[in-house]
Amino acid sequence: MQELIKAKAIELLENGTVDRVLGWKAGEFFYDLTPAVFTSREEIEKDFVYSVFSGANLSKYLIKESRKDGKVAAFLKPCDTYSFNQLLKEHRIWRDHVYVVGIACDGMCDMEKIRAAGAKGVLSVERDGDTLKIETLYGPMTMTKADAEAERCVCCKSRKLVAYDEKIGEDGDVIENSGRFDMVAKLEAMTPDERYAFWQGELSKCIRCNACRDVCPACTCEKCVFDNPKSGIAQKAAVNSFEESMYHIIRAFHVASRCTDCGECSRVCPQNIPLHLLNRKFIKDINELYGEYQSGADLETRPPLMNFTQEDCEPSVVYERGGKQA
């Protein structure tokens, strides 16, 4: 797949379809792939990388790239195309300045899962069908790709490309029973005290690096409320448990009904906080209260929280679902 993608990137550049290409390149380590812009054949041949670690969602980078002169080619996986569509609905991307190449995807891998399987001193990981061939300082080993898949890919909602100008590989389908709400259901089954303890334990790890906000395709405000120096909490570590919770809960509310469940927030968190579960709780509630809705699935349907109908649930539903009246 990598050679096909690199060849397409070079073709689009050299035939004048685009002026630059948005893809991935290796960071400090071979598995640390980061978004990058390429402007020549030489750069693509030397640095462009597509592998089982190309998990970064490129859609958010198109906000700035699409506003530059010329046209940019972007290689988007199925989950990325949902974010791309949502950003188009919010008028954050200039569609005429983007050429989308959809890439068929059957899941990305998580280096932590490979290490957890016993791989130490990993030098390289190559995919061979359903198997990963791993070279380490202590010799080669193999494991199934399925055992190394990132959590968001294990319970992927859809392998269908919902936006593209052309595609590479066979398109997939929406996955009806992905199991992505299973952990949310487990949290809902806890007592309030158990649930509080779970989230307090997770959110207390937060170091306020803002990586979740900065990578999130739904966080596109040019001035974030948490950057306000008069807020008392701007750009600093939380000083108490209230601040620990407030940042993430407010951010989850801000992206409610717009989050596509791409999982970028959890992927980039250096503390491995399962932030996607907050968003999935909102998605699950919205589906149950307003009807099934998937943000980014199309360009026409309005998000439930931005669209009033007389059939909307009443505020009393909060109390019926276990909330407390003031």
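For clarity, every value in this text was computed on a predicted model and none was experimentally measured.

Within the chain, the secondary structure is distributed over 14 helices and eight strands. Scaling as 2.2 N^0.38, a compact globule of 326 residues should have a C-alpha radius of gyration of about 20 Å, and the chain matches this with 21 Å. Going through the 326 residues of the chain one by one, you find that 46% of them count as buried. Each charge sign in the chain was given a centre, from 44 positive and 52 negative side chains, and these centres are 4 Å apart.

What follows is about helix H9 (residues 192–203). The end-to-end C-alpha distance of H9 is 16 Å, a good match for the 16 Å that twelve residues give at a rise of 1.5 Å each. Listed in full, the buried residues belonging to H9 are Phe-198, Trp-199, Gln-200, Glu-202 and Leu-203. Looking at the packing, one finds that the buried side of H9 touches helix H8 (182–188), helix H11 (241–255) and helix H13 (276–290).

The next thing to look at is the packing of aromatic side chains. What the rule picks out here adds up to eleven aromatic pairs. Ring geometry for Phe-198 versus Trp-199: centroids 5.1 Å apart, planes at 80 degrees, classification edge-to-face. Aromatic rings pair up to connect Trp-24, Phe-38, Phe-48, Tyr-50 and Phe-75 into one cluster. The ring of Tyr-82 carries Lys-157 above its face, with NZ or CZ at 5.0 Å from the centroid. Lying over the aromatic face of Tyr-247, Arg-208 brings its terminal NZ or CZ to 4.1 Å of the ring centre.

Turning next to the sheet that holds strand S2 (residues 33–38). As summarised here, the arrangement of the five strands in space is S2-S1-S3-S4-S8, forming an open sheet in which the pairing is mixed. Among the strands making up the open sheet, the edge pair consists of S2 and strand S8 (166–168). Put simply, the sheet's adjacent strands are angled 35 degrees from each other on average, direction ignored. Contacts from helix H1 (residues 2–14) reach strand S1 (20–26), S2, strand S3 (72–76), strand S4 (98–103) and S8, with the element oriented near 150 degrees to S8. Contacts from helix H4 (residues 78–89) reach S3 and S4 within the one sheet, and its direction differs from that of S3 by about 125 degrees.

Below, the discussion takes up the layout of surface pockets. Here the second largest pocket is characterised by a volume of approximately 1000 Å³. As for the second largest pocket, its lining consists of 39 residues, and the residues nearest its centre are Asp-110, Ala-150, Ser-266, Arg-267 and Val-268. The set of elements that each furnish at least two residues to the lining of the second largest pocket consists of S2, helix H5 (111–116), helix H7 (151–154), H8, helix H12 (264–268) and H13. Here the lining of the second largest pocket gets four residues from one element, more than from any other, and that element is H5.

With that settled, the discussion passes to unusual backbone geometry. Residues other than glycine seldom take positive phi values, yet His-91 does so here, at roughly 60 degrees. By secondary structure assignment, the location of His-91 is in the loop between H4 and S4. A positive phi angle, near 65 degrees, is found at Asp-261, a position not held by glycine. Checked against the element boundaries, Asp-261 lands in the loop between H11 and H12.

In this section: the environment of Phe-253. Within the secondary structure, Phe-253 sits in helix H11. Its relative accessible area of 52% is what places Phe-253 among the exposed residues. Put simply, Phe-253 and Tyr-293 are 40 residues apart on the chain and 17 Å apart in space, counted from C-alpha to C-alpha.

With that settled, consider the side chain of Lys-77. Relative to the elements of secondary structure, Lys-77 occurs in the loop between S3 and H4. Excluding its chain neighbours within four sequence positions, the residues that come into contact with Lys-77 are Trp-24, Tyr-50, Ser-54, Gly-55, Ala-56, Asn-57, Ile-103, Cys-105, Met-108 and Leu-161.

Another aspect to go through is a nonpolar patch on the surface. Together, Leu-123, Leu-137 and Tyr-138 give the surface a local cluster of nonpolar side chains, amounting to about 390 Å² of exposed area. By the secondary structure assignment, Leu-123 is in strand S5 (residues 122–128). What makes Leu-123 partly exposed here is its relative accessible area of 49%.

This part covers the packing of H11 against H13. Running from N to C, H11 and H13 point in directions that differ by 40 degrees, and their axes come no closer than 10 Å. Taken as axis vectors, H11 and H13 run oblique relative to one another. The two elements H11 and H13 cross, and the hand of that crossing is right-handed. Note on element contacts: H13 touches H11 through Leu-278, Asn-279 and Phe-282, opposite His-248, Arg-251, Ala-252, Phe-253 and Val-255. Of the residues in the contact of H11 with H13, the class split is five nonpolar, two polar and one charged.

The next subject is the nonpolar core. Ranked by internal contacts, the top residues of the largest apolar core, which has 51 residues, are Val-21, Trp-24, Phe-48, Phe-75, Phe-84 and Ile-114. Discounting chain neighbours no more than four positions away, the residues touching Ile-114 are Phe-53, Ala-119, Val-125, Leu-132, Ile-134, Met-143 and Ala-148. Counting residues in each nonpolar core, the second largest holds 17 residues, with Cys-212, Phe-226, Ile-273 and Leu-278 among its members.

Burial of S3 is extensive: five of the five residues sit out of reach of the surface. Both faces of S3 are covered, namely the face carrying Val-72, Ala-74 and Leu-76 and the face carrying Ala-73 and Phe-75. Across three bridges, the pairing between S1 and S3 is parallel. Looking at the pairing, Leu-22 lines up with Ala-74 of S3. In terms of handedness, the path from S3 via H4 over to S4 forms a crossover that is right-handed.

The rules we used
Residues numbered from 1 in each chain as written. Predicted model: local features only at pLDDT ≥ 70, side-chain atom pairs only at ≥ 80, totals over all residues. Heavy atoms only, no water. Helix = DSSP H or I, 4+ residues; strand = E, 2+ residues; numbered from the N terminus. Rg over C-alpha atoms; globule rule 2.2 N^0.38 Å. Buried < 20%, exposed > 50% of the residue type's maximum accessible area, 1.4 Å probe, protein only. Lys, Arg positive; Asp, Glu negative; His and termini not counted. Charge placed at Lys NZ, Arg CZ, Asp CG, Glu CD. Expected span 1.5 Å × (residues − 1). Contact = heavy atoms within 4.5 Å. Phe/Tyr/Trp six-rings, centres within 6.5 Å; stacked < 30°, edge-to-face > 60°. Lys NZ or Arg CZ within 6 Å of the ring centre and 35° of its normal. Pairing = 2+ DSSP bridges. Axes fitted to C-alpha atoms, helices over the stretch in contact; angles between N-to-C directions. 1 Å grid on protein atoms, 1.4 Å probe; cavity = no way out; pocket = protein on both sides within 12 Å on 5 of 7 lines; lining within 4 Å. Points joined across faces, edges and corners; volume = space filled by probe spheres on them. Patch = residues over 30% accessible without salt bridge, like charges linked within 9 Å, V, L, I, M, F, W, Y side chains within 5 Å. Areas by Shrake-Rupley, 256 points an atom, 1.4 Å probe, with all protein chains shown as cover. Salt bridge = Lys/Arg side-chain N within 4 Å of Asp/Glu carboxyl O. Parallel < 35°, antiparallel > 145°, perpendicular 65-115°, else oblique. Left-handed = near helix turned anticlockwise from the far one by under 90°. Nonpolar A, V, L, I, M, F, W, Y, C, P; charged D, E, K, R; others polar. Core = buried A, V, L, I, M, F, W, Y, C linked by side-chain atoms within 4.5 Å. Right-handed = clockwise from strand over helix to strand, strands pointing away.

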